[in-house]
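Descriptive structure summary
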Amino acid sequence: MKLKVWSIVLVLIMVASMLAACGATEAPAPTEPPAAAATEAPAAEQPTEPPAAEEPAAGKAQVSLWSHSAGNPDEIAVVEQMIEDFNAQSDMYEVVLEAFPQASYNDSVAAASVAGSLPCIVDLDGPTVPNFAWSGYVQPLPITEAELDEMGILPNDMGRYKDGVYSLGQFDVALLVYARKSILAKYNIRIPTMDEPWTKDEFDAALDSFMDSGEFEYAIDVNSGWEGEWWPYGYSPLLQSFGGDLIDRDTMLTAEGVLNGPEAVAFGEWFGNLFTGGYAPPVPADDQGFISGRIALWYTGSWSAAAVDEAWGDDALYLPPPDFGHGPKIGAASWQFGISASCEEPEGAYEFIKFQMEPEYVTLMADTSSLVPTTAEGAAMSQDYKEGGKFRVFYDIAEAFAVIRPPTPGYLIISSEFEQAMLKIRDGSNVQDALDDAVDAIDRDIEDHDGYGFSD
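Residues numbered from 1 in each chain as written. Predicted model: local features only at pLDDT ≥ 70, side-chain atom pairs only at ≥ 80, totals over all residues. Heavy atoms only, no water.

1. Overview of the environment of Tyr-166
Residue position: Tyr-166 is located in strand E6 (residues 164-168). C-alpha of Tyr-166 to C-alpha of Gly-338: the two residues are 172 residues apart in sequence and 5.8 Å apart in space. In this view, Tyr-166 contacts Val-129, Ala-133, Val-138, Gln-139, Pro-140, Leu-141, Gly-159, Tyr-161, Phe-337, Gly-338 and Ile-339; residues no more than four positions away in its chain are not counted. (Helix = DSSP H or I, 4+ residues; strand = E, 2+ residues; numbered from the N terminus. Contact = heavy atoms within 4.5 Å.)

Set out below in structure tokens:
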């Protein structure tokens, strides 16, 4: 049990660093990189006190809900509206909100997990859900595959562990390449489409054209000065497009051959050359390079669309990532609601989770926060994400190309080791050696935890 306790405490440290990179609600503004992961585990015996919860209405069973969104006025307003509407129509249950500032949410959930005092409904970042499930802190949702199909939720926006579904999410973000029509036309570069994305050769040729022109300081900004979860969220999809991966998804028991095989090495060499070849700044001075016109392309998330639109207007292009041989890929999964194992009113908790997935509330969240809706009906009702809407391409990219980060309780180590390997590669280390070291650490962790339930 000690291993599980420390595993869940440590995995919660990741949540802050995942916020932007996982499609977080507090997505980074153009001048703010994703927060770095904490360096020490929170003290489980000293939970951060949440704001006082409201009292439930008389005669109704209380269903407590924790949210990380107290510091995000747009998102918390939607959460409050959903709770108000649910409580008004339910004769049996009253959802009671306790909203935490983002900075204190992780410590509070970590402490409550270990102490067995989680709320009924807990706000979880998608990649952490398998660890909560494996540790026994959340319970599977009583939902069938047919009900999921009827709901129309994108398959990558639900928290799965093995055969169970443990959480559902209303929103996500999308990775893409920002460009400008005038610049591509000037250098006779084809505008890629969803059906015909840039090939590796086309993309490399475009980077060469931009650098040879002398017009730009760099050909592309890939946010390589950011830390933490951005590295696996942002760059493992490129690895997957080359044909590698973070772990063998058939077994979830080893990274050997997929994170250090020939395809992964080819990716690593290409990635390292972005920096040694001068195409991308290893540590950008700021993230205004594309906005200011100093850098030709920008590989980042849909969270920067408003800033790009303001800077370049109709000249802005929102492009799918290149196809490096195995199709374009992007990361997936953001904040989702699950039910704690200690919840005394799981039926009421589940009713609310289903309620917040109704199309009108998925749409409300999308239109209020600009986050990508996770259901087709929710997108169709949204002003920005409906067919022809200015951000519809983000939903289309997410639907077509999203790949969830490995749904294993061991993702914490996978994330950390991949980041360390890629930092070494960025800074000029031997690719094979860096990837081999990551594989050794990941496989050792899996063995130490008896396969995280996948060897049963």
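2. A look at unusual backbone geometry
The phi torsion at Asn-223 lies on the positive side, around 60°, for a residue other than glycine. Here Asn-223 lies in the loop between strand E9 (218-221) and helix H8 (230-242).

3. Considerations on the pairing of strand E8 (residues 175-180)
Counting buried residues in E8 gives 6 out of 6 residues, a clear majority hidden from the surface. The alternating pattern of E8 places Leu-175, Val-177 and Ala-179 and Leu-176, Tyr-178 and Arg-180 on opposite faces, both of which are buried. As paired elements, E8 and strand E10 (residues 295-301) share 4 bridges and run antiparallel to each other. In the sheet register, Leu-176 faces E10, and the bridge partner there is Thr-300. Bridge count for E8 against strand E11 (residues 316-319) is 4 bridges, and the pairing is antiparallel. (Buried < 20%, exposed > 50% of the residue type's maximum accessible area, 1.4 Å probe, protein only. Pairing = 2+ DSSP bridges.)

4. So, the packing of helix H2 (residues 73-89) against helix H12 (residues 346-356)
Closest axis-to-axis distance for the H2/H12 pair is 11 Å, and the angle between their directions is 125°. The pairing of H2 with H12 is recorded here as oblique in orientation. Of the two possible hands of crossing, H2 and H12 adopt the one that is right-handed. Counted together, Met-82, Ile-83, Asp-85, Phe-86 and Gln-89 of H2 and Gly-348, Glu-351, Phe-352, Phe-355 and Gln-356 of H12 form the full contact between these two elements. Tallied by class, residues from the contact of H2 with H12 come to 5 nonpolar, 3 polar and 2 charged. (Axes fitted to C-alpha atoms, helices over the stretch in contact; angles between N-to-C directions. Parallel < 35°, antiparallel > 145°, perpendicular 65-115°, else oblique. Left-handed = near helix turned anticlockwise from the far one by under 90°. Nonpolar A, V, L, I, M, F, W, Y, C, P; charged D, E, K, R; others polar.)

5. Overview of the state of the cysteines
Summed over the entire model, instances satisfying the criterion amount to 1 disulfide. Disulfide pairing is shown between Cys-120 and Cys-343; the S-S distance is 2.1 Å. Disulfide Cys-120 to Cys-343: torsion about the S-S bond roughly 90°, handedness right-handed. Pair noted here: Cys-120 is in the loop between helix H3 (102-115) and strand E3 (121-125) and Cys-343 is in the loop between strand E13 (335-340) and H12, with a separation of 223 residues, a long-range link. Note on accessibility: Cys-120 and Cys-343 belong to one class, buried. (Disulfide = S-S within 2.5 Å.)

6. A few points about the sheet that holds E11
The strand order E9-E10-E8-E11 describes an open sheet built from 4 strands, whose pairing is mixed. Since the sheet does not close on itself, it has two edges, and those belong to E9 and E11, each with one partner. In this sheet, neighbouring strand axes are inclined to one another by 20° on average, regardless of whether the strands run parallel or antiparallel. Along the sheet, helix H7 (residues 200-213) makes contact with E9 and E10, crossing E9 at roughly 125°. Strands E8 and E11 of the sheet are contacted by helix H15 (residues 392-401), whose axis makes an angle of about 140° with E8.

7. Some words on helix H9 (residues 262-276)
Between the first and last C-alpha of H9 there are 21 Å, a value that for 15 residues agrees with the 21 Å anticipated at 1.5 Å per step. Among the residues making up H9, those that are buried are Ala-264, Val-265, Phe-267, Gly-268, Trp-270, Phe-271, Gly-272, Leu-274 and Phe-275. Against the buried residues of H9 lie H7, H8, helix H16 (411-426) and helix H17 (431-448). Within two residues after H9, Gly-278 carries a phi angle of roughly 85°, on the positive side. (Expected span 1.5 Å × (residues − 1).)

8. A word on the environment of Gly-378
For Gly-378, the position within the fold is in helix H14 (residues 376-380). Its relative accessible area of 0% is what places Gly-378 among the buried residues. Taking the C-alpha atoms as reference, Gly-378 lies 4.4 Å from Pro-359; in sequence the two are 19 residues apart. When residues no more than four places from it in sequence are discounted, the contact partners of Gly-378 are Pro-359, Val-362, Thr-363 and Pro-373.

9. Some words on the packing of aromatic side chains
Per the stated rule, a full pass over the model turns up 39 aromatic pairs. Centre to centre, the rings of Phe-100 and Tyr-105 are 5.7 Å apart; their planes meet at 80°, and the pair counts as edge-to-face. The class of Phe-100 is buried, set by a relative accessible area of 0%. Assessed through its relative accessible area of 2%, Tyr-105 is described here as buried. Measuring from centroid to centroid gives 5.2 Å for Trp-226 and Trp-230, while their planes differ by 75°, and the two rings are edge-to-face. The exposure class assigned to Trp-226 is buried, which follows from its relative accessible area of 7%. Relative accessible area serves as the criterion here: at 0%, Trp-230 is assigned to the buried category. Just above the ring of Trp-312 sits the side chain of Arg-180; from NZ or CZ to the centre is 3.6 Å. (Phe/Tyr/Trp six-rings, centres within 6.5 Å; stacked < 30°, edge-to-face > 60°. Lys NZ or Arg CZ within 6 Å of the ring centre and 35° of its normal.)

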